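Reading the structure
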Protein chains: 4
Amino acid sequence: MAEEVAPISSNAIRMDADALNDFMKSAFPHAEPGSRGYVVSAAPGHVRARMDPNERALRPGGLISGPVQMGFADMAAYALVLSHIGPVAMAVTSALNYQFLRPCRPGPLFADAHMLRLGKRLAVMDIRIFTDDAERPVGQANVTYAIP
Amino acid sequence: MAEEVAPISSNAIRMDADALNDFMKSAFPHAEPGSRGYVVSAAPGHVRARMDPNERALRPGGLISGPVQMGFADMAAYALVLSHIGPVAMAVTSALNYQFLRPCRPGPLFADAHMLRLGKRLAVMDIRIFTDDAERPVGQANVTYAIP
Amino acid sequence: MAEEVAPISSNAIRMDADALNDFMKSAFPHAEPGSRGYVVSAAPGHVRARMDPNERALRPGGLISGPVQMGFADMAAYALVLSHIGPVAMAVTSALNYQFLRPCRPGPLFADAHMLRLGKRLAVMDIRIFTDDAERPVGQANVTYAIP
Amino acid sequence: MAEEVAPISSNAIRMDADALNDFMKSAFPHAEPGSRGYVVSAAPGHVRARMDPNERALRPGGLISGPVQMGFADMAAYALVLSHIGPVAMAVTSALNYQFLRPCRPGPLFADAHMLRLGKRLAVMDIRIFTDDAERPVGQANVTYAIP
């Protein structure tokens, strides 16, 4: 693990929110509009994303389904990696662990993604998914991306 | 952990493949056809499922996206739980860990779900996702469901 | 997941650092002195612990071994659960996910444990392990405890 | 993920059980005798290990503690990696996810470690820990090693 790059805080990001959204729109041309969410803000070590789930996103009981939450966490992690390494479409998820914490009620969904470690080959991130209260997340993810 | 139920092998299943598919179709009425997959076979401790991903399932590079794989693993786990406890829509995922092992090429996707432990409150399952070779899975998941 | 207890912040804790350390010493009478660490501070939703690893804790390369880090994370999670529910020895770990982030050099080891969700049956916690710089953790854990 | 090496089954292993046990004894000279377990058999894609826990390994209730189980799973994973890549002490765990499935009663503990994927940079393994019945494991782990 000696290959760690420079401290996150010393790097300016390479892509801001607009650049990230443009890139992901072209990388996923078949995605249903609104199904993946978009980046609200990007800063060194941190990305915030938002998603407005449609009715396809619901599971029995009228809650946002697990796969929708996990897909949103993965998208926020992807954006966070890209913001630091630039537009490299082939960065791929190598592991995603998701803890479902509370019922996820319909409405805007937010993701706070923080970089835990950015190495040359692996990036490890902590993602919190919440609706109206960031202090009471509906889910928490650990996402590892392999960097090509 | 003293609340474990009877050994899995001693229980006949409560729902077979047809019953599981009918139940899930009614539980997810808004799901895009083909987007969730279906159960191929169900037996004590084991469910096999199949999915035929459409082009919305692709990510850059023409591979099946991670969220599609994770959603499919979650569906297979849900079916495995239901096959043992009966049609209880409110069983919910409490954790899902997914390891991406190999590139997931387009084409039919299969899931082999095995019960590791079925307790009164939690079910823990191992899920392998593969395309043409079950010995070379594209992904492996550990899924925990909370039983109401 | 409707069984969540009152918000964490509204609860005073039931055991402080001294009470936690006394309880754990009596619960693990065979533990090698210093091998488990001790609680430094406890507050609603948060515990900080410290450990001073001995030479048995080293792995090739002179670093603190993975199992020692994981055991320390588990101990901090156990203390955080106990601080909220009181001295219930039979609370048991149901899952622990550990991400190794950076080489763990010998010297005092710290754990910051935060409660993500405290339900009636499950507690889910985020644990960061670090040596000299809390902003650059050597490891991160997600720990779930089942509450009897 | 194009860097995958040849199929596991086509490789003869590079270290057998005796070579693995000799290597690990020299790599962990400070380990308490019996505290780490030893390899019973090694074959392409599979290692079985055994451990005879002492009283330090117990937690309240007289069960084998979680950290002991996790350390044993990590050791079995390390042995499985080494059996395929040869004596490379600096292979390091990058993630370990452990599911506690059943109470772990005192007595001999076994680990069945299977390779899920052996790449040039990462090895991902499935580990089952059991006591008297391999069909009823006490724990299951997913372990990822980074290969230098």
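Residues numbered from 1 in each chain as written. Chains lettered and ligands numbered in written order. Predicted model: local features only at pLDDT ≥ 70, side-chain atom pairs only at ≥ 80, totals over all residues. Heavy atoms only, no water.

Okay, the sheet that holds strand 2 (residues 46-51) of chain D next. The antiparallel open sheet is built from 12 strands, whose spatial order is 1(C)-2(C)-6(C)-7(C)-8(C)-5(C)-5(D)-8(D)-7(D)-6(D)-2(D)-1(D). Every interior strand has two partners, whereas the edge strands, strand 1 (38-43) of chain C together with strand 1 (38-43) of chain D, have only one. The sheet shows a mean angle of 20 degrees between the axes of neighbouring strands, taken without regard to direction. Bridge count between strand 6 (residues 109-118) of chain C and strand 7 (residues 122-130) of chain C: eight bridges; the pairing is antiparallel. Within strand 7 of chain C, the residue paired with Ala111 of chain C across the bridge is Ile129 of chain C. (Pairing = 2+ DSSP bridges. Helix = DSSP H or I, 4+ residues; strand = E, 2+ residues; numbered from the N terminus. Axes fitted to C-alpha atoms, helices over the stretch in contact; angles between N-to-C directions.)

With that settled, consider the UniProt feature "domain: Thioesterase" (unreviewed entry) in chain A. Mapped onto this numbering, the UniProt entry gives "domain: Thioesterase" (unreviewed entry) at residues 61-135 of chain A. Here residues 61-135 of chain A is 27% helix and 40% strand, with 24 Å between the C-alpha atoms at its ends. (UniProt positions renumbered as here; feature names shortened; annotations may be inferred.)

This brings us to the relation of the copies chain D and chain B. Taken together, a rotation about one axis and a shift along it account for how the two chain copies relate. The transformation that overlays chain D on chain B combines an axial shift of 0.0 Å with a rotation of 180 degrees, and the residual RMSD is 0.0 Å. As the rotation angle and translation indicate, the two copies are arranged about a two-fold axis. Of all interface residues in chain D, 100% are interface residues in chain B too; the two copies therefore contact each other through one and the same surface. (Least-squares fit on C-alpha atoms with pLDDT ≥ 70 in both. Contact = heavy atoms within 4.5 Å.)

With that out of the way, let us pick up the side chain of Asp74 of chain B. You can see Asp74 of chain B is positioned in helix 2 (residues 66-85). You can call Asp74 of chain B buried: its relative accessible area is 7%. For Asp74 of chain B, the side chain forms a polar contact with the side chain of Thr93 of chain B, separated by 2.8 Å. In contact with Asp74 of chain B, other than residues within four places in its own chain, are Pro67 of chain A together with Thr93, Leu96, Val143 and Tyr145 of chain B. (Buried < 20%, exposed > 50% of the residue type's maximum accessible area, 1.4 Å probe, protein only. Polar contact = N/O pair within 3.5 Å; in protein donor to acceptor, adjacent residues only side chain to side chain.)

Turning our attention to the confidence of the model for chain A. On average, residues of chain A score 88 in pLDDT, and 89% of them are at 70 or above. Complex prediction metrics read pTM 0.92 and ipTM 0.89. (pLDDT = per-residue confidence, 0-100.)

With 18 residues of chain D at the contact, the number on the chain B side is 18 residues. If you look at where chain D meets chain B, you find two salt bridges. Between Arg128 of chain D and Asp126 of chain B there is a salt bridge; the shortest N-O distance is 3.7 Å. The tally of links from chain D across to chain B stands at six residue pairs in polar contact (both at pLDDT 80 or more). Only strand 5 (92-100), strand 6 (109-118), strand 7 (122-130) and strand 8 (139-146) of chain D provide two or more residues apiece to the side of chain D that touches chain B. (Salt bridge = Lys/Arg side-chain N within 4 Å of Asp/Glu carboxyl O.)

Within this structure, the stated rule accounts for 16 salt bridges over all chains. Between Arg50 of chain A and Asp52 of chain A there is a salt bridge, with the nearest N and O atoms lying 2.9 Å from each other. Of the residues examined, Asp52 of chain A reaches a relative accessible area of 35% and is grouped as partly exposed. Linked by salt bridges that have partners in common, Asp126 and Arg128 of chain A together with Asp126 and Arg128 of chain C make up one network.

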